[in-house]
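Coordinates in review
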There are 2 protein chains.
Amino acid sequence: MRRLALASALLALFTLGAEAGADPLPSWNDGPTKQAIIDYVTRIAKEGGPDYVAPKDRLATFDNDGTLWVEQPMYTQFVFAVDEVKTQANQHPEWKTKDPFKSVLAGDMKAVAAMGEKGMVEIVAATHSGMTTADFDQTVRQWLATAKHPRFKVLYTDLVYQPMIELLDYLRANGFKTFIVSGGGVEFMRGFADKTYGIPPEQVIGSSGVTQYGTWDEKPVLIKVPKVLFVDDGPGKPEGIEHFIGRQPIFAFGNSDGDKEMLEWTAACEHLCFMGLVHHTDAAREYAYDRNSDVGKLDKALDEALTKGWTVVDMKNDWKTIFPPAKSGSK
Amino acid sequence: MRRLALASALLALFTLGAEAGADPLPSWNDGPTKQAIIDYVTRIAKEGGPDYVAPKDRLATFDNDGTLWVEQPMYTQFVFAVDEVKTQANQHPEWKTKDPFKSVLAGDMKAVAAMGEKGMVEIVAATHSGMTTADFDQTVRQWLATAKHPRFKVLYTDLVYQPMIELLDYLRANGFKTFIVSGGGVEFMRGFADKTYGIPPEQVIGSSGVTQYGTWDEKPVLIKVPKVLFVDDGPGKPEGIEHFIGRQPIFAFGNSDGDKEMLEWTAACEHLCFMGLVHHTDAAREYAYDRNSDVGKLDKALDEALTKGWTVVDMKNDWKTIFPPAKSGSK
């Protein structure tokens, strides 16, 4: 055991050395936001300091849509569900005459939007059940490998925010365990979170449906059934954190009113806590929206952040670049 | 990044060195069971070998009651619930005349047992709700720090199986991420799993109730409400693995029919998989029970293990010691 301790100490030393030399957040402009993040991490990582937090308690939770990747003009998972309605339509002749499927198939997204949340839930439920978890995972991966964003014309996984990828890396280099806590479907996100964010499936928390264990061709399978198990949004976020993680994060980032309770819950942590919001202020490079947006509405959480002194990222001024450098072959 | 790679290589080297010298499972008698475990770990860890599994895919799931600690003569969590009925009785005058509480308060456990599962569920629901998650956690920790097992007269956390503790350590030393997947209540187990097994709260999966986010004295809290969210037993185990982990384990250990589906699910993994059962065969040092036991019944899963060649631990012959060496002050 002594050898292990020695090697761990060496590892820590090398890691520190590597960090001291380079800017850990090169895609963030210098300024108070970047400084607030670095100051926070430095303080809680300083052994013997008044704000020191043991590595085992360094938990960070991130919302996904609008916090780690683009959510405009429509949540990516909903775009996937709409595409799936089209793909599966020939197995469902009844959809031709039944809304919301009829409007989706007719390409009338305005009519779909007018049906509100009820229509969205029906579309997601119908396309996210009736298959094994393995088949669903395969379908998600295939879709993500080919579907392009209407404005940027690249894969959705190319529309993650480079500054946030750097932040995730920076936190992990400082002993944090990073989690996604999103209103999105957990199995949809698990299809790309590991490769895209370096977050393994068991650290992805999201809304989830019921699965049923059974056998198919004498092999054990889990079937996705059209029944909601857990909605991970709003107050569901701290509830989900308790359900899946069982302890409070000390660091959390969101971008909308759906993240308000997660940030409040984080603010009640026993240590020095960090609460951050991404404010979409960059119509030229990404999107500008907040209080009046249907997707990713940021209103009450923004007021609370301003009142309580949480860190608010001004995307236009704080981020030097928005997206990762283009990969060859992904366009 | 190169420095980090170098330090990691050093760490790996030191770890290997430490292992080569010592028996990783000193509380296991030499024989086919111990050999099966060591052979398995050696094969999947051998880089370039035909059965190699990348560290990120090395997931191991363990049942808790009867697999990691004693479950006789009664599940520990149920003993806790019964004690809580007595503690909370003065706040519930109606319990004096209402079963199952009336019988518990009269000390008539035979009558309680005769009420079957319904009575147990009522007792657990009543004592596991109506407080904040933080208060419940505190109550569990206090109880575990003082309550003694009726036969062994030591704390329940002293009645973990030393050979299984060594197995958990051995797997982690070989890159495994270890999880508990138990029918027991997740918040009860999280009160001791970290300290006792080295398994952090977020890697503890169990049955769970609904919590509700709200405020109390202007502070955010989660209230435990008497509503079941998820039952992690039988087919609920693979369903829970999917819900919480999102991928299949390659190594699983249980001890009863409630673990059958978890072991089947593990057997369907894409790699070389390991399925193990603890068979309680030692009435002198622990307990001997299987097909006819009310607690921890092992019948169908034992047949399946024998048919399919899963590893069955014969407690009496395979384990040199059962419990960890006594700690001063814990008796």
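Remember, predicted model here, so these are calculated numbers, not experimental data.

This next bit is on the overall build of chain A. Assigned secondary structure in chain A consists of 14 helices and 8 strands. For 331 residues, the compact-globule formula gives about 20 Å, and the C-alpha radius of gyration of chain A, at 21 Å, lands near that figure. Projected onto its principal axes, the C-alpha coordinates of chain A cover approximately 65 × 50 × 40 Å. In chain A, which comprises 331 residues, the proportion classed as buried is 43%. Summarising the internal contacts of chain A: among those between residues at least 6 apart in sequence, 65% fall at separations of at least 24.

An α-helical segment advances 3.6 residues per turn. Residues three or four places apart therefore align on the same side. The element helix α12 (residues 260-267) of chain A is largely enclosed, with a buried count of 7 among its 8 residues. Along α12 of chain A, the residues that are buried comprise Lys 260, Glu 261, Met 262, Leu 263, Glu 264, Trp 265 and Thr 266 of chain A.

Moving on to the nonpolar core. Ile 180 of chain A together with Ile 180 of chain B are the most contacted members of the largest nonpolar core, which has 136 residues in total. If we skip the residues at most four places from it in the chain, Ile 180 of chain B touches Phe 62, Asn 64, Met 189, Ala 193, Ile 199, Gln 203, Val 204 and Ile 205 of chain B.

Our focus in this paragraph is helix α3 (residues 76-88) of chain A. All names here are of chain A. When the terminal C-alpha atoms of α3 are compared, their 18 Å separation across 13 residues agrees well with the 18 Å that a helix rising 1.5 Å per residue should span. Within α3 the residues assigned to the buried category are Thr 76, Gln 77, Phe 80, Ala 81, Val 82, Glu 84 and Val 85. Buried residues belonging to α3 abut α4 (101-105), α6 (116-127), α7 (133-144), β2 (177-185) and α9 (186-190).

Let us now look at the packing of α3 of chain A against α6 of chain A. Residues and elements named next belong to chain A. As a packed pair, α3 and α6 sit with axes 9 Å apart at the nearest point and diverge in direction by 60 degrees. When the axes of α3 and α6 are compared, the pair comes out oblique. By crossing handedness, the relation of α3 to α6 is classed as left-handed. From α3, Phe 78, Ala 81, Val 82, Glu 84, Val 85 and Gln 88 reach across to α6, where they touch Met 120, Ile 123, Val 124 and Thr 127. Counted by class, the contact of α3 with α6 contains 7 nonpolar, 2 polar and 1 charged residues.

All right, on to the domain arrangement of chain A then. Interfaces are often described in size by the accessible area the parts lose on coming together. Residue and element names in this part refer to chain A. The domains assigned to chain A are domain 1 (24-72 + 153-318) and domain 2 (76-144). The straight-line distance from the C-alpha centre of domain 1 to that of domain 2 is 26 Å. Each partner contributes to the interface: domain 1 provides 18 residues, whereas domain 2 provides 15 residues. Of all the secondary-structure elements, those providing two or more residues to the side of domain 1 that touches domain 2 are β2, α9, β3 (204-216) and β4 (219-230). Here the residues of the side of domain 1 that touches domain 2 sort into 10 nonpolar, 6 polar and 2 charged.

Let us now look at the pairing of strand β1 (residues 59-62) of chain B. Residues and elements named next belong to chain B. On β1, burial covers both faces: Leu 59 and Thr 61 on one face and Ala 60 and Phe 62 on the other are all buried. Pairing of β1 with strand β2 (residues 177-185) involves 4 bridges; the strand directions are parallel. If you follow Leu 59 over to β2, its bridge partner there is Lys 177. Across 3 bridges, β1 lies against strand β5 (residues 251-254) in parallel orientation. Its bridge partner being in β5, Phe 62 is matched across the sheet by Phe 253.

A cis amide bond, omega 0 degrees, links Gln 72 of chain B with the succeeding residue Pro 73 of chain B. As for its position among the elements, Pro 73 of chain B is in the loop between β1 and α3 (76-88). Following Asp 99 of chain B, the chain continues into Pro 100 of chain B via a peptide bond in cis, with omega recorded as 5 degrees. The residue Pro 100 of chain B is located in the loop between α3 and α4 (101-105) in this model. At Lys 153 of chain A, a position not held by glycine, the phi torsion is positive, near 55 degrees. Tracing the backbone through its elements, the reader meets Lys 153 of chain A in the loop between α7 and α8 (162-173). On the basis of neighbour count, Lys 153 of chain A is assigned to the exposed category, with 9 C-beta atoms found within 10 Å. The backbone of Asp 217 of chain B sits at a positive phi, close to 55 degrees, despite the residue not being glycine. Within the secondary structure layout, Asp 217 of chain B lies in the loop between β3 (204-216) and β4 (219-230).

Before going further, it helps to examine the environment of Leu 272 of chain A. Residues and elements named next belong to chain A. Mapped onto the elements of the fold, Leu 272 is located in the loop between α12 and β6 (274-281). For Leu 272 and Asp 135, which are 137 residues apart along the polypeptide, the C-alpha to C-alpha distance reads 43 Å. Not counting the four nearest positions on each side in its chain, Leu 272 is found in contact with Arg 43, Ile 44 and Asp 51.

In this section: the confidence of the model for chain A. Of the residues in chain A, 92% reach a pLDDT of 70 or more, and the chain-wide mean stands at 92. Scored by ipTM, the complex comes to 0.90, with pTM at 0.91.

The next thing to look at is the environment of Met 315 of chain B. Residues and elements named next belong to chain B. Its place among the elements puts Met 315 in helix α14 (residues 315-318). A sequence separation of 65 residues divides Met 315 from Ile 250, and the C-alpha atoms of the two residues are 23 Å apart. Residues in contact with Met 315, not counting those within four places in the same chain, are Val 278, His 279, His 280, Thr 281, Asp 282 and Glu 286.

Right, let's talk about the environment of Trp 69 of chain B for a bit. Residues and elements named next belong to chain B. Residue position: Trp 69 is located in the loop between β1 and α3. Spatially, the C-alpha atom of Trp 69 lies 5.6 Å from that of Tyr 161, the residues being 92 residues apart in sequence. Sequence-distant contacts of Trp 69, defined by excluding residues within four places in its chain, comprise Asn 64, Tyr 156, Leu 159, Val 160 and Tyr 161.

Cut-offs and rules
- Residues numbered from 1 in each chain as written.
- Chains lettered and ligands numbered in written order.
- Predicted model: local features only at pLDDT ≥ 70, side-chain atom pairs only at ≥ 80, totals over all residues.
- Helix = DSSP H or I, 4+ residues; strand = E, 2+ residues; numbered from the N terminus.
- Rg over C-alpha atoms; globule rule 2.2 N^0.38 Å.
- Buried ≥ 20, exposed ≤ 12 C-beta atoms within 10 Å, placed from the backbone.
- Contact = placed C-beta atoms within 7 Å.
- Core = buried A, V, L, I, M, F, W, Y, C linked by C-beta atoms within 7 Å.
- Expected span 1.5 Å × (residues − 1).
- Axes fitted to C-alpha atoms, helices over the stretch in contact; angles between N-to-C directions.
- Parallel < 35°, antiparallel > 145°, perpendicular 65-115°, else oblique.
- Left-handed = near helix turned anticlockwise from the far one by under 90°.
- Nonpolar A, V, L, I, M, F, W, Y, C, P; charged D, E, K, R; others polar.
- Domains from an automatic or database assignment.
- Pairing = 2+ DSSP bridges.
- pLDDT = per-residue confidence, 0-100.

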